[in-house]
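Listed below, chain by chain, are the residues.
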Amino acid sequence: MNAIFRSWQGALAFLLCLAALASLPLLKTDTPSHFSSGTLALIFALTIGTALLSFSRLPAPLLAAILFVGPHLATWFLISGLAGYEGKATMAFFLLIAACWLLAWRCIAVLSDMHPKSKGGDTFLRLLIPAIFGAWILILWEAITRGAGIPFILLPPPSAIGARIAGSVATLWADVQQTIFKAVLFGYIVGCASGFIVAILADRIAFLRRGLLPIGNMVSALPIIGVAPIMVMWFGFDWQSKAAVVIIMTFFPMLVNTVAGLGAAGAMEQDLMRSYASDYWQTLMKLRLPAAMPFIFNALKINSTLALIGAIVAEFFGTPIVGMGFRISTEIGRMNVDMVWAEIAVAAVVGSVFYGVVALAERATTFWHPSNRGG
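Residues numbered from 1 in each chain as written. Predicted model: local features only at pLDDT ≥ 70, side-chain atom pairs only at ≥ 80, totals over all residues. Heavy atoms only, no water.

Here we look at a nonpolar patch on the surface
There is a patch of nonpolar side chains on the surface, built from W8, L12, L15, L18, L21, L24, W101 and W105 and spanning about 730 Å² of accessible area. When contributions to the nonpolar patch are tallied by element, the ones reaching two or more residues are α2 (8-22) and α5 (91-112). It is α2 that provides the largest number of residues to the nonpolar patch, a total of five residues. With respect to the helices and strands, W105 occurs in helix α5. Take W105: its relative accessible area is 36%, and that puts it in the partly exposed class. (Patch = residues over 30% accessible without salt bridge, like charges linked within 9 Å, V, L, I, M, F, W, Y side chains within 5 Å. Areas by Shrake-Rupley, 256 points an atom, 1.4 Å probe, with all protein chains shown as cover. Salt bridge = Lys/Arg side-chain N within 4 Å of Asp/Glu carboxyl O. Helix = DSSP H or I, 4+ residues; strand = E, 2+ residues; numbered from the N terminus. Buried < 20%, exposed > 50% of the residue type's maximum accessible area, 1.4 Å probe, protein only.)

Below you can see the structure in the form of structure tokens.
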């Protein structure tokens, strides 16, 4: 009983395999199956064998390796057997996919309980676990869309999106240059820098703090679809108007967070600085700005996503024949949904990298903060 409780995913996967065995075949009876008897036996051997081994007390690295190889190899055989027979999968196919997913879940659970002594091993695990989790989102997406025959126009499988990315590298790169390297980066730097400078002025000058912050809260609530057309009218159709939208979207989060961060320093510490005869700027540089760094980086991380969203949406309202927003709005009108998803995938990757760079900079700058010391 303890073994079953320890690996309830394996127990449930075993039951699903038995149910799949009872409801064969994997494809509808009017379909010439790609699954030979040998392939079918191998799929069941991998899933059932891995499910049974999940109850064992093998060393954690060996058990994790078995739980990784078994379900992924079985899933590869299952999905590859659908080639040319999309929409023909039976209940047995989906039961086996669910069993493999549960075994992968057990693999992640085993990996999460491991505590490597080396820093390299710990880093490897921190990358591997989310990679397996993310990969199974794509695997389930692929299996469901192809197995159930979901229309391509509604949701293309990841394999089709990947093929579109591979075949449209030049177009995607031109869109990234226009949207990311011009509008987003320029607007992000100018918006965050100006918000930081104005926050220092608002902290120094009382009437700015009392008058500007309420306006900032109001302006931050303005809908982007109302601001973007105005910016296009003011600054033209090129990247400058998109950068203006990004500046507006990033300015006020930086302003509000920096002002809040400057007030985070404790009264005792400020009294100590005054006892040392420190003036405003010395207190600001040596005490209040370091204390505000977590707030400032919080604004930088928020703005990293806001900037990308703002630039892409702004391109819907007028742009040269290049850019991620232009491509999305154009290709969806042509029903080229694979290209739309390709742009979305590229935007997601770029946004994640952007956010990750800011997070790494935060960790290097605020290493003294309890949230980072704990990691």
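Some details on the side chain of N303
Structurally, the position occupied by N303 is in helix α13 (residues 280-314). Taking relative accessible area as the criterion, N303 reaches 0% and is therefore assigned buried. With sequence-adjacent residues up to four places away left out, N303 is seen in contact with Y188, C192, M249, T250, P253 and M254. (Contact = heavy atoms within 4.5 Å.)

A short note on the pattern of salt bridges
Taken as a whole and assessed by the stated rule, the structure comprises six salt bridges. In this structure, R146 engages E86 in a salt bridge whose closest nitrogen and oxygen atoms are separated by 3.3 Å. Of the two residues, R146 sits in helix α6 (residues 119-147) while E86 sits in the loop between α4 (60-80) and α5, which places them 60 residues apart along the sequence. For R146, a relative accessible area of 13% puts it in the buried group. Exposure remark for E86: the relative accessible area of 40% places this residue in the partly exposed category. In this structure, the salt-bridge partner of R146 is E142, at a minimum N-O distance of 3.2 Å.

These results come straight from atomic positions and should not be treated as a statement about function.
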